[in-house]
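Survey of secondary and tertiary structure
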Amino acid sequence: MRFVLNGKRTDVPAPPLKRLLDVLREDCGLAGTKEGCGEGGCGACTVLLDGAPVNSCLVPLAHVRGHKVTTIEGLRSRAPGAFAREGGTQCGICTPGVVMAAAALGPR
């Protein structure tokens, strides 16, 4: 499946119905995106799909074909530093998802 991952074109040989979350962690080696509930309720697995936040545990790989996916590893934002500086990291499991959702809001 071809898509743009963190600004780089990539082709992942994975089944089209495999969860994007699993593809990112297992096939792409990007462990920053975490699984919380696995049902789309908690947001720990949030990534940006063409700039919009999505729960990667609910997105089949086929849906990202030809699109841009941004994970916490590829985020070009001041949000991660701000969260760390202000003590907003908590235990760390959901922090990447929270940072991704906040980054989707833009600089304001």
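Quick note: structure is the one above.
Observations concerning the side chain of Thr71
- Along the chain, the position of Thr71 falls in the loop between strand E5 (68–70) and helix H2 (79–85).
- Ignoring sequence-local partners within four residues, the contact set of Thr71 consists of Leu5, Asn6, Leu24, Leu30, Thr33, Val47 and Met100.

What to know about the sheet that holds strand E4 (residues 52–55)
- Ordered in space as E2-E1-E5-E3-E4, the 5 strands form an open sheet in which the pairing is mixed. Where the open sheet ends on each side, the last strands, each with one partner, are strand E2 (8–11) and E4. Within the sheet, the average angular offset between the axes of one strand and its neighbour, ignoring direction, is 40°.
- Bridge count between strand E1 (residues 2–5) and E5: 2 bridges; the pairing is parallel. Across the sheet, residue Val4 finds its bridge partner in E5, namely Lys68.
- Packing of helix H3 (residues 95–104) onto the sheet brings it into contact with strand E3 (46–49), E4 and E5, and relative to E3 it is tilted by some 35°.

Thoughts on the pairing of E3
- The alternating pattern of E3 places Thr46 and Leu48 on one face and Val47 and Leu49 on the opposite face, and all of these are buried.
- Inspection of the sheet shows E3 paired to E4 by 4 bridges, in the antiparallel sense. Within E4, the residue paired with Leu48 across the bridge is Pro53.
- Between E3 and the antiparallel strand that follows it, E4, lie 2 residues; Asp50 among them carries a positive phi value of about 55°.
- Here E3 runs beside E5; their pairing, made up of 2 bridges, is antiparallel. Residue pairing for E5: Leu49 is matched across the bridge by Val69.

Conventions adopted
- Starting afresh in each chain, residues are numbered from 1 along the sequence in its written order.
- Where local features are concerned, this predicted model is filtered to residues with pLDDT of at least 70; where side-chain atom pairs are given and counted, the filter is 80 or more; whole-chain, interface and lining totals use all residues.
- Hydrogens are left out, water is left out, and the side-chain values use all remaining heavy atoms of the structure.
- Working definition: helices are DSSP H or I runs of at least four residues, strands are E runs of at least two. Numbering for both runs from the N terminus.
- Any two residues whose heavy atoms approach within 4.5 Å at even a single point are treated as in contact.
- If DSSP finds at least two bridges between two strands, the strands pair.
- In this description, a line fitted to the C-alpha atoms serves as the axis of each element, helices being fitted only across the stretch in contact, and the angle between N-to-C directions of two axes falls anywhere from 0 to 180 degrees.
- The classification of residues rests on relative accessible area computed with a 1.4 Å probe and restricted to protein chains. Under 20% of the type maximum is buried, over 50% is exposed, and intermediate values are partly exposed.

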